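Chain by chain, the residues run as shown.
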Amino acid sequence: MSQIITKAACIGGGVIGGGWIARFALSGIDVAVHDPHPEARRIVEEVLEGARRAWDRMLSVPRGPEGRVTFHDTLAEAVADADYIQESVPERLDLKHKVFAAIEAAARPEALIGSSTSGFKPSELQAGMTHPERLFVAHPFNPVYLVPLVELVGSPASDEAALTRAAEIQREIGMHPLRVRKEIDAHIGDRLLEAVWRESLWLVKDDVATTEEIDDVIRYSFGLRWAQMGLFETYRIAGGEAGMKHFIEQFGPALEWPWTKLMDVPEMTDALATKIGDQSDAQSGQHSLRELERIRDDNLIGIFQALKQNDWGAGQTLSAMEARMRDRAVPAEAPDPAAPLALHRATVPAEWLDYNGHMTEHRYLQVFGDATDAFLAHIGMDAGYMGAGRSVYTVESHLRHLAETGPGTALTVRTTVLGHDAKRIRIHHEMVDAAGQVQATAEHMLMHVDTKAGRAAPMEAPLTDRLAALSPGQRGIAAPGHAGRPIRDIGWPEPEAE
Ligand SMILES: NC(=O)C1=CN([C@@H]2O[C@H](COP(=O)(O)OP(=O)(O)OC[C@H]3O[C@@H](n4cnc5c(N)ncnc54)[C@H](O)[C@@H]3O)[C@@H](O)[C@H]2O)C=CC1
Ligand SMILES: C[N+](C)(C)CC(=O)CC(=O)[O-]
């Protein structure tokens, strides 16, 4: 498996640093961490646990092997040999300058340096650096391991090639890098958030609404719209058939009416902070922080999956992430064609279990389906092949459940070709655990189709060539005794005599 970078370093492992560490590690990249907090390791481990749970629920492809996370007492040790360094220390310019000086003294000269800063401009961060050109702002959103956007901001001193490379690395870990055209305080996202935050503080201060009522306004209305269409596209529709211009003519003047206190910031007195704190406790105090994080993550995952179904917005980022993971899962060395092909691995997460505590039925088919996809990718069915209107459909399946597959079981699926003709491939999968015990088997008939014409069609290169190359070896493997057998007929009990 080849990685875009060998090693990342994260300086600061708090809320945001922990999220970056999880993104790198779950993408298979080794991460070296430096954070002087006495409980940094525990905090990062907890974020990692949450991220693993979230990725297992979100992804339709198995996560590959994780990168190694190591903790270092000194910053110098952590950044040594790192290709990409992400700084996430508290939002204080003097502290960030000290950290960058220490990074410059110890890092490789070509290492990229991203800052998670919510508000500082890259030119402010670069002041005093010997090589400012490789430093940029890479501002993420919490939770970093799920929310895909990263605002990538350079200054006039930044190196264009470094920014391009940073975007490639961020895409590789499943993010959506957005190049901010000009540096500006608080970038784009936080300027928008600050506007809503400022108005919300006024509304609470003036007793117009509680924290819960404001959150309800957001989550039952425009928050739903913003996850999928943002502001301008939503308002374009709100302009009706007359469109955006009509929308502006109608609502533009409202900005001058006394609707807002936009330029004015309420003073954050102790009384206001306590009022907000008390209302927030009343709103959410029944949940622990970890519970709230899980609720948030599950809701976000549902949104991503809905958007993926519609091939839209952040759903497209998820699809691209899954495609990359599928590519990475292709073994570096070609498997022995004369043995069952171990092309797919998965670990059983807790949410795959049924009321008996075993992997539930449809997950077996999911694992076998993923194994079939891995086999098809192995013989050359890639995006280009499918894009040309050719694909493979499963037309018949026979599954056998042989063991009680429990949570955390590391599964490997071994695939054997049982035969093929011009349009069909008959395959057998054997699902085994780490000790080699067979958990289940599946036999499938696959049909090659012309998806545009909607009918079966002969396979084409490279499928034909790769199958021809595989066939001599696969043919020599004895077909299992159960292959081709239907479910046994068990008849009916004799009717009881009246
Ligand atoms: N919390 C948020 O919602 C977001 C924060 N950010 C930005 O991310 C950065 C970090 O913020 P958070 O993670 O929220 O803060 P945090 O307080 O949760 O974490 C900061 C971590 O840095 C560590 N630290 C302090 N001095 C250090 C040093 N010299 N070397 C290494 N580690 C050190 C602390 O021990 C702590 O674990 C800030 O620049 C912030 O503006 C960006 C996006 C969102
Ligand atoms: C509050 N905040 C400025 C730290 C927020 C961010 O920077 C982004 C986010 O995750 O909302």
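Note that the structure is a prediction, hence the values are computed from the model and not measured.

1. Digging into the overall build of the chain
In terms of regular secondary structure, the chain is built from 16 helices and 14 strands. C-alpha atoms of the chain, sized along the principal axes, occupy 85 × 65 × 50 Å. Buried residues in the chain amount to 41% of all 498 residues. For the chain, contacts bridging at least 24 residues in sequence account for 71% of all contacts bridging at least 6. For the chain, the exposed surface amounts to about 26,900 Å²; the carbon and sulfur share of it is 55%.

2. Description of the environment of Leu152
With respect to the helices and strands, the residue Leu152 is situated in strand 7 (residues 149–153). Given a relative accessible area of 0%, Leu152 falls into the buried group. Those residues in contact with Leu152, other than ones at most four positions away along the chain, are Phe136, Val137, Leu163, Ala166, Ala167, Gln170, Pro177, Leu178, Arg179 and Val180.

3. Section: the site of ligand 2
The environment of ligand 2 is made up of Ser118, His139, Phe141, Asn142, Asp190 and Leu193. With respect to ligand 2, the side chain of Ser118 contributes an N or O atom lying 2.9 Å from an oxygen atom. Here Asp190 contributes a side-chain N or O atom positioned 2.8 Å from an oxygen atom of ligand 2. Protein contact buries 55% of the 320 Å² of open area that ligand 2 shows by itself. Of the residues in the shell around ligand 2, the class split is two nonpolar, three polar and one charged.

4. Some remarks on the site of ligand 1
Looking at ligand 1, there are 21 residues lining it, with Ile16, Asp35, Glu91, Lys96 and Ser118 nearest. Between ligand 1 and Val15 there is a distance of 3.0 Å, counted from an oxygen atom to a backbone nitrogen or oxygen. Ser118 has a polar side-chain atom sitting 2.7 Å from an oxygen atom of ligand 1. When the free accessible area of ligand 1 is taken as 830 Å², the share hidden by the protein chains comes to 73%. The element that contributes the greatest number of residues to the shell around ligand 1 is helix 4 (residues 93–106), accounting for three residues. Here the residues of the shell around ligand 1 sort into nine nonpolar, nine polar and three charged.

5. Focus on the sheet that holds strand 4 (residues 84–87)
Here eight strands make up an open sheet; going across it, the order is 3-2-1-4-5-6-7-8 and the pairing mixed. Each edge of the sheet is formed by a strand with only one pairing partner; in this case those strands are strand 3 (69–71) and strand 8 (176–180). When strand polarity is set aside, the average angle formed by the axes of neighbouring strands in this sheet is 25°. By the bridge criterion, three bridges tie strand 5 (residues 112–115) to strand 6 (residues 135–140) in an arrangement that is parallel. If you follow Gly114 over to strand 6, its bridge partner there is Phe136. Together, strand 4, strand 5, strand 6, strand 7 and strand 8 form the strand contacts of helix 6 (residues 160–172), whose direction differs from that of strand 7 by roughly 170°.

6. Structural notes on the nonpolar core
Within the largest apolar cluster, 42 residues are counted, with the highest numbers of intra-cluster contacts made by Trp20, Phe24, Trp55, Met58 and Tyr84. Setting aside residues up to four positions removed in sequence, Phe24 forms contacts with Ile5, Ala8, Cys10, Ile29, Val31, Tyr84, Ile169 and Ile173. Counting 23 residues, the second-largest nonpolar core is a separate cluster that includes Ala9, Val89, Leu95 and Val180.

7. So, the pattern of salt bridges
According to the stated counting rule, one finds 26 salt bridges in the structure shown. The closest approach of N and O atoms between Arg52 and Glu49, which form a salt bridge, is 2.6 Å. Taken as a pair, Arg52 and Glu49 lie in helix 2 (residues 40–58) at a separation of three residues, close to a single helical turn. Note that Arg324 and Glu172 form a salt bridge whose closest N and O atoms lie 3.8 Å from each other.

8. Things to note about the domain arrangement of the chain
What the domain assignment lists for the chain is domain 1 (7–187), domain 2 (191–286) and domain 3 (333–475). The distance between the C-alpha centroids of domain 1 and domain 3 comes to 37 Å. On the side of domain 3, six residues touch domain 1, which itself brings five residues to the contact. Summing the contributions of domain 1 and of domain 3, the shared interface buries around 380 Å²; its carbon and sulfur component is 50%. The largest per-residue losses of area from domain 1 upon contact with domain 3 belong to Asp56, Arg57 and Pro62, which jointly make up 78% of the total buried on that side. Counting the contacts that link domain 1 with domain 3 gives zero salt bridges. For the pair domain 1 and domain 3, the interface holds zero residue pairs in polar contact (both at pLDDT 80 or more). Grouping the amino acids of the side of domain 1 that touches domain 3 by side-chain chemistry returns one nonpolar, one polar and three charged.

What counts, and at which threshold
Here the residue index of a chain counts from 1 through its sequence in written order. Lettering for chains starts from A, numbering for ligands starts from 1, and both go in the order in which the items are written. Predicted model: local features are reported for residues with pLDDT of at least 70 only, side-chain atom pairs are reported and counted for 80 or more only, and whole-chain, interface and lining totals are derived from all residues. As a convention, hydrogens and water are excluded, and side-chain values are obtained from all of the structure's heavy atoms. Here a helix means four or more residues in a row that DSSP labels H or I, a strand means two or more in a row labelled E, and each is numbered from the N terminus. The cut-offs for exposure are 20% and 50% of the maximum accessible area for each residue type, with area from a 1.4 Å probe on protein chains only; residues under the lower value are buried, those over the upper are exposed, and the others partly exposed. Note on contacts: a residue pair qualifies if any of its non-hydrogen atoms lie within 4.5 Å across the two residues. What sets the accessible areas is the Shrake-Rupley method with a 1.4 Å probe; for residues, cover comes only from the shown protein chains. In this text, near means that some heavy atom of the residue lies within 4 Å of the molecule or strand in question. Throughout this description, a polar contact denotes any pair of N or O atoms lying within 3.5 Å of each other; where both atoms belong to protein, one of them has to be capable of donating a hydrogen while the other can accept it, and for residues adjacent in sequence the pair is counted only when both atoms sit in side chains. Only Asp, Glu, Lys and Arg are considered charged, only Ala, Val, Leu, Ile, Met, Phe, Trp, Tyr, Cys and Pro nonpolar, and every remaining residue, Gly among them, polar. Between any two strands, pairing holds if DSSP finds at least two bridges. What counts as an axis is a line fitted to C-alpha atoms, over the stretch in contact for a helix, and the angles between N-to-C directions run from 0 to 180 degrees. Buried Ala, Val, Leu, Ile, Met, Phe, Trp, Tyr and Cys residues that are joined via side-chain atoms within 4.5 Å together make up what is termed a nonpolar core. Whenever Lys or Arg places a side-chain nitrogen within 4 Å of a carboxyl oxygen from Asp or Glu, that contact is recorded as a salt bridge. Throughout the structure description, domain borders are defined by an automatic or database domain assignment. Once two parts are put together, the accessible area they lose, assessed with a 1.4 Å probe and summed over both, is termed the buried area.

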